[in-house]
Amino acid sequence: PPAKPPAMAQHWLATGRASPRLVLVVVFVALLLDNILLTVVVPIVPTFLYTTEYEGANSSASPAQPEPAPAALRAPPFSSVLSYFDNTTVPVRGFTSAAELPNGTGSSPPGHPPSSPPGHPPGTPPAPRRGCLEGGEFLAQENTRVGLLFASKALVQLLVNPWVGLLTNRIGYHIPMFLGFTIMFLSTLMFAFSGTYTLLFIARALQGVGSSFSSVAGLGLLASVYPDDSERGSAMGIALGGLALGVLIGAPFGSIMYEFVGKASPFLVLAFLALLDGALQLCILQPSRISPESTKATPVSTLLRDPYILVAAGALCFSNMGVAMLEPTLPIWMLQTMCSPQWQLGMAFLPASISYLVGTNLFGILANRMGRWLCSMIGMAVVGISLLCVPLATDIYGLIGPNAGLGFAIGMVDSSMMPIMGYLVDLRHTSAYGTVYAIADVAFCMGFAIGPSTGGAIVRALGFPWLMVIVGVLNVAYAPLCWLLRSPPATEEKMAILRQECPMQPKSYAPKEALREFPLTEESDGEAENVE
């Protein structure tokens, strides 16, 4: 703190750098900001794209605008659609807000006429004249594009993750963590000032790169500063709470700021918070310091051949795919069937996020006691059942139950699987965590890449309810596989080392004969020293 003399401040910094709790704070804040940015665009993008694209279509007299054309074939004649959008949506507040959009697509409840500026051209048909579903003709077209935009972050993150895992083993976690902050800051500013689909797409992809650095380095850093298995479980629970809080605040914060302040506002607030996080990292993590992992990391290819790691990764992927599919499709389905106003589109995700926050913090501690495998098995079954209940909702209140169940269950899976990943590497490989958390993050991202991109396409082909049925059944079917994680065996060589040196008792005991009779090689002696 500035009030203290410099010597005191230096002492404070020195103790701070030695404290695992402050590292946890840094990782928490980084995951928080990354996930606010992840979800803040969920309610903004679909409506923002209409406002801009239809104005663009109108100003260029529509032939150069390929996007809305297919919808026009099914909708009433194109010119009337354009004039309709021109009259209600675009002139009101131009790019800054799409508050009027639901009215523009005829999605407002009767008796809520479209708001119009003083110089509003006469002759606009009143909103209730068009049914909720007619506006939905366009929404169906947007499903795929919005899905691809959301998936671009996860796709990029998928490609970058393995490299970040290798990088952290070479140079430590501090520099990648700071790089992640820098890239995320740039991406946030780009979102604030992007006016077209292409620019938004690039900003979203750039966010994927930043996200990859901060999540892989952050989780690896936590695993290395909390060597004790149960402490690590609680710390991961808290860090994932940051992730949850981000998802929690993002969508509602985005929809309210967008409706009442303007498109750039939520992103500028985030950019400011990101700067604070950068300052925190500079103080605590010393991002100029290169500190490679003491242990030689197990290659990614070896980890990917480990069936136990694959089962854990699959659980992370499928449980998160449910929410990933909801993100682009649920707001559009709500516009079609519930005629929801703009602010409700983000609010629908609130119950999921609150319960995820409760779930990760509760089961960060509980999962270790009741068995992490059991916790994730129940979690995946509940994810499936909740998804099956989503299409039964007729208004936003009907979504509270299914979404809350979904969030709580994903919290159970995430807070059990993240520590299991660290535990499996301790038990079966060498204790270098960069690569295994890269795999965990890849699994997480595959959910968020496959989810939105296929979700939009499935909704167009089969409809939203069928999408929920498919993903729900998939989760319930996968749940029994978590039983395999009940007591994963240690590899023989690792077993011998653990018996000699390590206080962390493995949860499975191989028979006595499994101990290797010949002396340990030099290489495994080195491992033995580094296990501690």
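Residues numbered from 1 in each chain as written. Predicted model: local features only at pLDDT ≥ 70, side-chain atom pairs only at ≥ 80, totals over all residues. Heavy atoms only, no water.

Trainee: What should I look at first to understand the overall build of the protein in this one?
Mentor: Helices and strands together make up the secondary structure of the protein, namely 21 helices and zero strands. In the protein, buried positions account for 58% of the 532 residues. Across the protein, the fraction of contacts at a sequence separation of at least 24, relative to all contacts at a separation of at least 6, is 84%. A total of about 20700 Å² of accessible surface is found on the protein, and carbon and sulfur atoms cover 70% of it. (Helix = DSSP H or I, 4+ residues; strand = E, 2+ residues; numbered from the N terminus. Buried < 20%, exposed > 50% of the residue type's maximum accessible area, 1.4 Å probe, protein only. Contact = heavy atoms within 4.5 Å. Areas by Shrake-Rupley, 256 points an atom, 1.4 Å probe, with all protein chains shown as cover.)

Trainee: When you look at helix α18 (residues 434-462) in this model, what are you seeing that I'm missing?
Mentor: Since the α-helix packs 3.6 residues into each turn, any two residues three or four apart lie on the same face. The first and last C-alpha atoms of α18 sit 40 Å apart over 29 residues, in line with the 42 Å expected at 1.5 Å per residue. Residue Gly455 marks the point of greatest curvature in α18, where the axis turns by about 30°. Counted residue by residue, α18 has 21 buried out of 29 residues, so it is predominantly covered. Positive phi shows up at Gly463, right after α18, with a value of about 100°. (Expected span 1.5 Å × (residues − 1). Bend = angle between axes of the 7 residues up to and from the residue.)

Trainee: Just checking my understanding: could you explain the side chain of Ser319 for this structure?
Mentor: Examined against the element boundaries, Ser319 turns out to sit in helix α13 (residues 307-337). Ser319 gets classed as buried once you look at its relative accessible area, which sits at 0%.

Trainee: Explain the packing of aromatic side chains to me, please; I cannot follow it from the model alone.
Mentor: Counted by the stated rule, this structure contains eight aromatic pairs. Each residue in the set Phe178, Phe181 and Phe185 is aromatic and connected to the rest through ring pairs, giving one cluster. The lysine or arginine in question, Arg145, covers the ring of Tyr197, its NZ or CZ lying 4.2 Å from the ring centre. One Lys or Arg, Lys263, reaches over the ring of Phe48 and ends 4.8 Å from the middle of that ring. (Phe/Tyr/Trp six-rings, centres within 6.5 Å; stacked < 30°, edge-to-face > 60°. Lys NZ or Arg CZ within 6 Å of the ring centre and 35° of its normal.)

Trainee: Looking at this structure, how should I read helix α11 (residues 264-285)?
Mentor: Taking 1.5 Å of rise per residue, the 22 residues of α11 would be expected to cover 32 Å, and the 31 Å separating its terminal C-alpha atoms lies within 8% of that figure. Within α11, the full set of buried residues consists of Ser265, Pro266, Phe267, Leu270, Ala271, Ala274, Asp277, Gly278, Gln281, Ile284 and Leu285. Phi turns positive, to about 50°, at Gln286, one or two residues after α11.

Trainee: Teacher, can you tell me more about the environment of Gln157 here?
Mentor: Of note, Gln157 is situated in helix α7 (residues 132-171). It is 7.0 Å that separates the C-alpha atoms of Gln157 and Ser211, two residues lying 54 residues apart in sequence. Not counting the four nearest positions on each side in its chain, Gln157 is found in contact with Gly208, Ser211, Ser212, Ser215, Asp441 and Cys445. Separated by 2.7 Å, the side chains of Gln157 and Lys153 make a polar contact. (Polar contact = N/O pair within 3.5 Å; in protein donor to acceptor, adjacent residues only side chain to side chain.)

Trainee: In this structure, what is going on with the packing of helix α9 (residues 197-225) against α18? I would like to understand it.
Mentor: The axes of two packed helices give the description: the angle between them and the distance between them. Two numbers describe how α9 lies on α18: the axes approach to 8 Å, and their chain directions differ by 130°. Viewed along their axes, α9 and α18 adopt a mutual orientation that is oblique. Regarding α9 and α18, the two cross each other, and that crossing is right-handed. Along its contact with α9, which presents Ser212, Ser215, Val216, Leu219, Gly220 and Ala223, the element α18 presents Gly434, Tyr437, Ala438 and Asp441. Considered class by class, the residues forming the contact of α9 with α18 number five nonpolar, four polar and one charged. (Axes fitted to C-alpha atoms, helices over the stretch in contact; angles between N-to-C directions. Parallel < 35°, antiparallel > 145°, perpendicular 65-115°, else oblique. Left-handed = near helix turned anticlockwise from the far one by under 90°. Nonpolar A, V, L, I, M, F, W, Y, C, P; charged D, E, K, R; others polar.)

Trainee: I would appreciate a short explanation of the pattern of salt bridges in the present structure.
Mentor: Side chains carrying opposite charge are able to pair once their charged atoms draw close together. All chains considered together, the criterion is met by two salt bridges. A salt bridge links Asp426 to Arg232, with the nearest nitrogen and oxygen atoms 3.1 Å apart. Of this pair, Asp426 sits in helix α17 (residues 400-428) while Arg232 sits in helix α10 (residues 229-260), and the two are 194 residues apart along the sequence. On the basis of relative accessibility, which here comes to 1%, the residue Arg232 falls in the buried class. (Salt bridge = Lys/Arg side-chain N within 4 Å of Asp/Glu carboxyl O.)

Trainee: Explanation requested: the packing of α10 against α17 in the structure shown.
Mentor: Two elements in contact, α10 and α17, have axes whose closest approach is 9 Å; the angle formed by their N-to-C orientations is 140°. Considering the angle they form, α10 stands oblique to α17. The crossing of α10 and α17 is right-handed. Between α10 and α17, the contacting residues are Asp229, Arg232, Gly233, Met236 and Leu240 on the first element and Asp414, Ser415, Met418, Pro419, Gly422, Tyr423 and Asp426 on the second.

Trainee: Just checking my understanding: could you explain the nonpolar core for this structure?
Mentor: A general tendency of soluble globular proteins is for nonpolar side chains to be buried together. Counting 114 residues, the largest nonpolar core has Leu326, Leu330, Leu399, Met417, Met421, Tyr437 and Leu485 as its most contacted members. Excluding residues that lie within four positions of it along the chain, Tyr437 makes contacts with Val216, Leu219, Gly220, Ala223, Met236, Met418, Pro419, Met421 and Gly422. Core analysis: the second largest hydrophobic core is formed by eight residues, Val156, Val164, Ile183 and Val216 among them. (Core = buried A, V, L, I, M, F, W, Y, C linked by side-chain atoms within 4.5 Å.)

Trainee: Please clarify how a nonpolar patch on the surface should be interpreted in this entry.
Mentor: Side chains of Leu388, Leu462, Trp466, Val469, Ile470, Val473 and Leu474 sit close together on the surface and give an oily, nonpolar patch of about 590 Å² of accessible area. For the nonpolar patch, the element with the most residues is helix α19 (residues 464-478), which contributes five residues. Its place among the elements puts Leu462 in helix α18. (Patch = residues over 30% accessible without salt bridge, like charges linked within 9 Å, V, L, I, M, F, W, Y side chains within 5 Å.)

Geometry only, nothing functional implied.
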